[in-house]
Amino acid sequence: MTDVDNRIIPVIKGKVQCLADKKEPVENCGFCVHSREFKVQNRFITSPALAYCTKCRVTEKVDFTKAEAVKCADWQGGGFHSITNIIS
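A quick note: this is a predicted structure, and the numbers were derived from the prediction, not measured.

A. A look at the side chain of Glu24. Checked against the element boundaries, Glu24 lands in strand E3 (residues 22-25). There is a polar contact of 3.1 Å between the side chain of Glu24 and the side chain of Lys22. At 2.7 Å, the side chain of Glu24 and the side chain of Asn28 are in polar contact.

Take a look at the structure:
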């Protein structure tokens, strides 16, 4: 999946408009299988949800209180899906 396939969802008052009828706290995106990166102070940081990805192995911490946007790979419109359902 390329950046062209990712939606960039702005963070407004600590929430993202995950689906047309549902907002999620930005912190949830850190545990969502669809999140790819967080924009913090004009740079993109790889999502902590990718920590268990054998290709990414993310270890950098994201300050969700400063997040401006989320790159989201939810191209099917499924909404928030916790990574814990996959790794447990």
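B. A look at unusual backbone geometry. Positive phi is not limited to glycine here, since Lys13 has a value of about 55°. Judged by relative accessible area, which is 82%, Lys13 ranks as exposed. The backbone of Asn42 shows a phi angle near 65°, a positive value even though the residue is not glycine. Its location among the elements puts Asn42 in the loop between strand E4 (35-40) and strand E5 (43-46). Overall, the relative accessible area of 64% leaves Asn42 in the exposed class.

Rules and cut-offs
Residues numbered from 1 in each chain as written. Predicted model: local features only at pLDDT ≥ 70, side-chain atom pairs only at ≥ 80, totals over all residues. Heavy atoms only, no water. Helix = DSSP H or I, 4+ residues; strand = E, 2+ residues; numbered from the N terminus. Polar contact = N/O pair within 3.5 Å; in protein donor to acceptor, adjacent residues only side chain to side chain. Buried < 20%, exposed > 50% of the residue type's maximum accessible area, 1.4 Å probe, protein only.

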